[in-house]
Each structure stands twice: as structure tokens, then as C-alpha cells.
Amino acid sequence: MSNAVTSAPPNAPDEQVTPKPRRITELFLLLIALAIGIGANILVDPDQLTEDPGRIITSGAVLAGGGLLIHVVLWIRARYADPYLLPIAVTLNGLGLAMIHRIDLSTGQTASDTQVVWTGLAMVVACVVLWLLKDHRLLRKITYISLLLSALLLLLPMVPGLGVEINGARLWISVAGRTFQPGEIAKITLAIFFAGYLSTNRDLIMLAGRKIGPVRLPRFKDIAPMFAAWLIAIGVLVLQRDLGTAILFFGLFLVMIYLATGRMGWIVLGVTLMLVGGFVASRIFSHVSLRLDSWLNAFEPEVYNRSPGGSGQIVQGLFGLASGGLFGQGLGQGRPDLVSYANSDMIITAFGEELGLIGLGAILCMFLLFATRGLRAALGTRDHFGKLLAAGLSALMIIQLLVVIGGVTRLLPLTGLTTPFMSAGGSSLLSNWIITAVLLAISHTARRPVLTGPATDEDYAELQAHVKATRDDQEREGELDDSEPTTELSSSVAGTGGPHDDAGTATEVISRIRGRSGSKSSDQSGSTPEGGTQ
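Okay, the overall build of the protein next. A tally of regular secondary structure across the protein gives 19 helices and seven strands. In the protein, which comprises 534 residues, the proportion classed as buried is 51%. For the protein, the accessible surface area stands at approximately 23,800 Å², while carbon and sulfur atoms represent 64% of it.

Here's what the structure looks like:
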């Protein structure tokens, strides 16, 4: 029987949908994204195009070259990846380069030159990740290595002679005169650890342990690694004196454990712990109390003029947003240079001043669209690990954006986190492009078609090997009874009760083997067809 391309689930064989790669759609949107980014760079000072076009040409060439290179890699290695993630990321990156360039023209700095270099490097790293990460489930093998790597990365700034303190926070390391923030990479490794650990131990966390009233408390040995990750977040707050990174890590912890268990009690408990910890920290650590005071009493003269820890940055940012109005002053027509750190922590206020509420709203919509495409990839993939990883990385982007927007608009204390893709800072840009590459790889797995047809002897041999390896792992953990059968392939894996010949096509066998690797359930009820609508 000849093979056919389909992405229909096993229980709906008549509803066959052939997914399309959509790389042409991606290329068209990518050209629009490049036009927006390069056009914005020109509009901040049109005279530069005739007098000294070198900077504009260089930044445009790096942005276009990097974007097209990723597009080519996707065409070769991940043809069915989401067609919208790359254009959105390039648009946000291009707008960030334009605004940093615009602020440099007012302040005489050269931050945009460094940002262009980091843009090129980050895009190359994204290409490498896409080329090597043929299957995102390979990351599951480094679950505990990711936890150790996270701890190591967060401890590097504390090493004497290597770590440096900037503005009261010890988050950076200095190598050859260049600074780098290891915590930006640690948030990715922590997300990998959370996804790997929760996908494997979800049932133990939910079902094992003592039940007190309506609440079942998990055993400590089941949540010990998660508790260690929580201690890492607290350690960042205490040792490195960085409120923003601590909130980001703890928020990632809460989101992913809620996604894994579906229990609101974890959110209530986590928020309670966060509020109690914040209150205690405000009484013990001066940098936390100063942040809270500048948030609550920003317009008090003594707080406004206080140095360090004053509220002048917040107030000036609010005035900048207010002067932008609905339509903004226009690119290059505002005064973002009056706000401290306008090209990093406060770049959102610069966009609000020059693009207005409409322009800033469009930028926020792009971030939300980016996150929804990541969640779409999470829904489309069949394995627990891929679902948690894609959803966690998407949530990470939204949490960071929420904390940044809340800080500059005085809805939350200002934390110092940077806006993804847009703020000056190479380590942040690098981590965001790595996140984009991982989401693209997961979306390719979720959308790609698979070949159907009668399962071959090789398919069933691979299936048997998978079942045996899974049983061996479970027996080592003491989770299975020795009498449990291991050879009922058609009912336990293929999901059908028919005879061996109808146990599953090559598609069903292979997708379940590779989609359920290490899982305790097939997770078919929560998955969507791989070729679903966009």
C-alpha cells in the first residue's frame, strides 16, 4: 500500500487535512517586518540617510541577513514551523534597534552599535539551535543538568573577580571588558527543568501524599527539586539584590506547576508566599524597601530627589507617556533622553511618547500574538514535555512584559527588567532569540505531517523497545507492579482494541513512541490535529 500524507487523529480517519509549510507566507511577512524595522530606523533622523548612512545600512543588513538566514534554516530543518513567530520577533527587534539609535542621537552614546552586534550574534545562535534541535524532546534528557546549570549560571556573578555590581545589583559578569547577565540564560534552563520534571512526576505530585481536608499535600521528596528551584529564586533576591529576576523566576515556577496540575491551589499558595516574602524582604533589605517607597510615594519631593532609590525615573517616564497622547510626537520628535535608562529599562516610555497610545498598543499586540503562537504550538504537540516547555516559555515572555509595563506605568514596583527584543542589552536579546528558536522547533513538531500506512516490522520493533525501556525505568522507580503486562502493544500504545493488523498505522505507532517518551499516559484527549488551523 502506498504511503499518504495526513495529519488526522486516529479517531477521525475520514477528516484528513494536509498541513502546509507556509514558508512563503513567512517570507512575505518577514519582508514586511524588515521594512518596518529599517523604515523606523530611517525615520528617527532622515538626514542621516544622506549625510552618514553607514549606521542605518549596517543595522539593516544585519537584521535582514539574520532574518533571512533563520528563514533558510527553517526551510531546510523545520519546514512546518509556525510562520508568524519569526516575522514578529524581527519586527520587535528592528523597532528596538531604531529606538536605541534614536536615543543615541540625543545622548551621544553608541549603544545601538553594540546592539547591532548582539542582534547578529543572537540570530546566528538561533540558527544553530534550530539546526541542532531536530526534536525538542531531546531537551528532556538534560532535565537535572538544566537545574544544575541554572544554579551555576546564577552563582557566576558572585565569583570574586568575575562578577560586577551595577546600580546596586550583582547580576553581571565581566569577560574581556564586556558584561553579560547569566540569569537571562538561566531562565531558559529553569523552564527546561520545570517542563522535564513536571511532565515525569505530574501524577506523583497530584496523587501521592497526605490529604488534609480538600487539599492533598505532595510528598516532600516529590517536590524537593521544585523547592530547590524556588530557593534559587529567593537566593537571587537576597544575594544579587534583584527584585525583577526573582519575580520572573517565581512566576515561571507558579505558571508551570499550574499548567502541569491544573490546581488553582498552587497559584493561591504561591501568591501568598510571594506576598509574605515581599513583606519580609521590605523589612530586611534596604533596596527592596526603597523600591516600594519610590512606587508608593513617587510624587513626594523627597522621594523624587532621593539618590539612590529615587522616583525621578518613574515620574519622568509617566510624563513622557502622557505627552505622547493618542498618536504620539512622532519618531525622533520626543525627548526620551530626559528619562534615565531610556534605552533599556524605560524604552517602553520612549515608544509611548513618540508613537502614542496607538503605536504602543500595536507593539503590545505583537507581544501577545507572539505568546499566543507559542501557546498554539503547545496545544498542537502531543507530548507533555513539549506542551509544558512551549507554554512555559510563552508565559515567561508575558510575565516579563507584564512586570516591565506595570513598572513604567506605576501599577507595580519598578524592577529593572528589560523589554524582550527591544531594550538595549545583549544577554536579554540572546535569550529571547533562543526562546524563539525553541518555540519554532516545537511548532514544527506540532504541525508537521506524518506518513501513514501499515506498520512495518521495524516500527513494531521500535515500539517494543520503547515499551521495554519505559517499563525498566518505571521498575527502577518502583512505580509498577511486576505482574503488569508489557506486550499488549495495540491497546496500551496504539490506542485501539482491534487485532494486531489494525493496531496502528506507521503514523500512529511512531508518533506515539516519540510523543509519549517517558510519559505515563498517551495524552491524546488534550491534543489537536497537527495540521490544525492557524
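Moving on from the coordinates now.
The next point concerns the side chain of histidine 71. Along the chain, the position of histidine 71 falls in helix 3 (residues 54-77). Under the relative-accessibility criterion, histidine 71 is labelled buried at 4%.

This part is about the packing of aromatic side chains. The relative placement of two aromatic rings is captured by the distance of their centres and the angle of their planes. Scanning all chains against the criterion turns up nine aromatic pairs. Aromatic side chains phenylalanine 421 and tryptophan 433 sit 5.7 Å apart centroid to centroid with 85 degrees between the ring planes, which places their arrangement in the edge-to-face category. In this pair, phenylalanine 421 is assigned in the loop between helix 15 (384-408) and helix 16 (426-447) and tryptophan 433 in helix 16, connecting sequence segments 12 residues apart. Each member of the pair, phenylalanine 421 together with tryptophan 433, is buried. Ring pairing ties together the aromatic residues Tyr144, Phe193, Phe194, Tyr197, Phe250 and Phe253, which thus form one cluster.

Moving on, we come to the sheet that holds strand 2 (residues 163-166). A sheet is described by the order of its strands in space; here three strands give the open sequence 2-3-4, paired in antiparallel fashion. The open sheet has two free edges, formed respectively by strand 2 and strand 4 (178-180), since each of these has just one partner strand. Direction aside, the axes of adjacent strands within the sheet are offset by 45 degrees on average. Pairing of strand 2 with strand 3 (residues 169-175), which is carried by three bridges, proceeds in the antiparallel orientation. Looking at the pairing, glycine 163 lines up with isoleucine 173 of strand 3.

Side chains that carry opposite charge are capable of pairing whenever their charged atoms lie near each other. Throughout the structure, instances matching the rule amount to nine salt bridges. For arginine 23, the salt bridge goes to glutamate 26, with nearest N and O atoms at 2.8 Å. Of this pair, arginine 23 and glutamate 26 both sit in helix 1 (residues 23-43), three residues apart, which is roughly one turn of that helix. Of the residues examined, arginine 23 reaches a relative accessible area of 2% and is grouped as buried. A salt bridge links aspartate 135 to arginine 137; its shortest N-O distance comes to 3.2 Å. Residue classification places arginine 137 among the buried residues on the basis of a relative accessible area of 13%. Connected through shared salt-bridge partners, Asp135, Arg137 and Asp383 make up one network.

Of all hydrophobic cores here, the largest spans 107 residues; its most connected members are Ile70, Val90, Leu389, Phe421 and Trp433. Sequence-distant contacts of valine 90, defined by excluding residues within four places in its chain, comprise Leu30, Ala33, Leu34, Leu63, Gly67, Met123 and Trp433.

Reading the values: rules and limits
- Residues numbered from 1 in each chain as written.
- Predicted model: local features only at pLDDT ≥ 70, side-chain atom pairs only at ≥ 80, totals over all residues.
- Heavy atoms only, no water.
- Helix = DSSP H or I, 4+ residues; strand = E, 2+ residues; numbered from the N terminus.
- Buried < 20%, exposed > 50% of the residue type's maximum accessible area, 1.4 Å probe, protein only.
- Areas by Shrake-Rupley, 256 points an atom, 1.4 Å probe, with all protein chains shown as cover.
- Phe/Tyr/Trp six-rings, centres within 6.5 Å; stacked < 30°, edge-to-face > 60°.
- Pairing = 2+ DSSP bridges.
- Axes fitted to C-alpha atoms, helices over the stretch in contact; angles between N-to-C directions.
- Salt bridge = Lys/Arg side-chain N within 4 Å of Asp/Glu carboxyl O.
- Core = buried A, V, L, I, M, F, W, Y, C linked by side-chain atoms within 4.5 Å.
- Contact = heavy atoms within 4.5 Å.

Keep in mind that these numbers describe shape and distance, not what the molecule does.
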